[in-house]
Amino acid sequence: MKRLFLSLMLLGSALPASAAEVLTTIKPIGFIAAAITRDISTPEVLLPSGASPHDFALRPSDIRRIESADLVVWVGPDLEQFMVKPLAGKSNTLTLLDIPGLPLHRFSEEDSHEHDHDHDAGAHEAHGHDHDDGDHDEHDHDHHAGGIDPHIWLGPNLAVPIAKAIVERLSAIDPANQARYQANLARFEQELALKDKQVASMMEPVKKQGYFVFHEAYGYWERHYGMQAKGHFTVSPERRPGAKTLVAIRKALEEQQARCVFAEPQFKPDVIESVARNTGAKVLIQDETGGDLAVGPDAYIQWMDNMAKGFAACQ
Ligand SMILES: [Zn+2]
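Below is a summary of the structure that appears in this document. (Residues numbered from 1 in each chain as written. Predicted model: local features only at pLDDT ≥ 70, side-chain atom pairs only at ≥ 80, totals over all residues. Heavy atoms only, no water.)

## Examining the sheet that holds strand E4 (residues 93–95)
In spatial order, the strands read E2-E1-E3-E4; together these four strands make up an open sheet with parallel pairing. The open sheet terminates on both sides in strands that have one partner only, identified here as strand E2 (44–45) and E4. Where strand E1 (residues 22–24) lies against strand E3 (residues 71–74), three bridges are found, and the strand directions are parallel. Across the sheet, residue Thr-24 finds its bridge partner in E3, namely Val-73. (Pairing = 2+ DSSP bridges. Helix = DSSP H or I, 4+ residues; strand = E, 2+ residues; numbered from the N terminus.)

Structure representation (structure tokens):
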């Protein structure tokens, strides 16, 4: 008994004293956090794989996880509207959209105007989705125009400032591990820079190909690598593509203006298949959410590689 007690004591002392428990809303942010907490702790992710932050409702067990986490990292109300209330009374939260100097961009005005027309015929309930700013009616063409694009994890150039902000907060909460967080940040920056170079060369041939994406999510990636989609089926996944948009995309595919259309595994809209049918365009899958990857210290780099391969399939 005494020996058992002793070995438990030894085991206990080998474990990190009290590493901070990080909870992120979505997986790709969990990937960045995991690079920082390498060999210290593994971040938890609130949204299950395949769930869309555009349309998510918290369960009571989620609320408990939010309450017990030492640090909650979320993008901001532009993406996870469902987090606003649960986070209201919590002090240890990191709102990534508030990081000073983060190179954010806005959705284009012209584009959203067109889409709002398309969507006027459809349902207009807002399930806390990102591209709304609240009330809108049939004649409101502004609810998406000029809004902040919240898909910040799509920008490899944003990953470092995000990682730095996580290090800063974790160092304050868990000062015992500060040096290790810093060392992990340095390693992440190095690995990211290397992967970024590889991806840039993988994107070179793709730049010449026109393509359509399912929803307007890839702007940060496209700007960073000098690519540009011909357009998207819908501004936000919970909105069905408008009839005018479908006709326009079909026409562009028939005229060979674009070679590929990218579906997303979470939504699998048959509409993409039918629009592309008999046009010669390839239907490919792009997964911005990292759904098939486990959260771990190398996952963000792996996710970049997967994204790059996804785009590179359009050749
Ligand atoms: Zn999105």
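From this point on, the discussion continues.
## Points about the side chain of Glu-264
Summarising the element assignment, Glu-264 is placed in the loop between strand E7 (260–263) and helix H10 (270–276). On the accessibility criterion, Glu-264 (0% relative accessible area) is buried. Among the polar contacts made by the side chain of Glu-264, one reaches the side chain of His-215 at a distance of 2.9 Å. At 3.0 Å, the side chain of Glu-264 forms a polar contact with the side chain of Tyr-218. The residues contacting Glu-264, other than those within four sequence positions of it, are Phe-214, His-215, Tyr-218, Gln-286 and Glu-288. (Buried < 20%, exposed > 50% of the residue type's maximum accessible area, 1.4 Å probe, protein only. Polar contact = N/O pair within 3.5 Å; in protein donor to acceptor, adjacent residues only side chain to side chain. Contact = heavy atoms within 4.5 Å.)

## Things to note about the side chain of His-105
Looking at the secondary structure, you find His-105 in the loop between E4 and helix H5 (109–119). Residue His-105 is classed as buried on the basis of its relative accessible area, which comes to 8%. For His-105, the side chain forms a polar contact with the side chain of Arg-223, separated by 3.3 Å.

## Side note on the packing of aromatic side chains
Enumeration according to the criterion identifies eleven aromatic pairs in this entry. Ring plane angle 80 degrees and centroid distance 5.7 Å describe the contact between Tyr-211 and Phe-262, whose orientation is recorded as edge-to-face. A residue pair is termed long-range when its members are at least 10 positions apart, and Tyr-211 in strand E5 (residues 211–215) and Phe-262 in strand E7 qualify at 51 residues. Like Phe-262, Tyr-211 is buried. A ring pair is formed by Phe-214 and Phe-233, whose centres lie 6.5 Å apart and whose planes are at 35 degrees; its orientation type is tilted. Remark: Phe-233 occurs in strand E6 (residues 231–234) and Phe-214 occurs in strand E5; sequence separation between them is 19 residues. Side by side, Phe-214 and Phe-233 carry an identical accessibility label, which is buried. Aromatic ring contacts, followed pair by pair, group Phe-188, Tyr-211, Tyr-218, Trp-221, Tyr-225, Phe-262, Tyr-300, Trp-303 and Phe-311 into a single cluster. (Phe/Tyr/Trp six-rings, centres within 6.5 Å; stacked < 30°, edge-to-face > 60°.)

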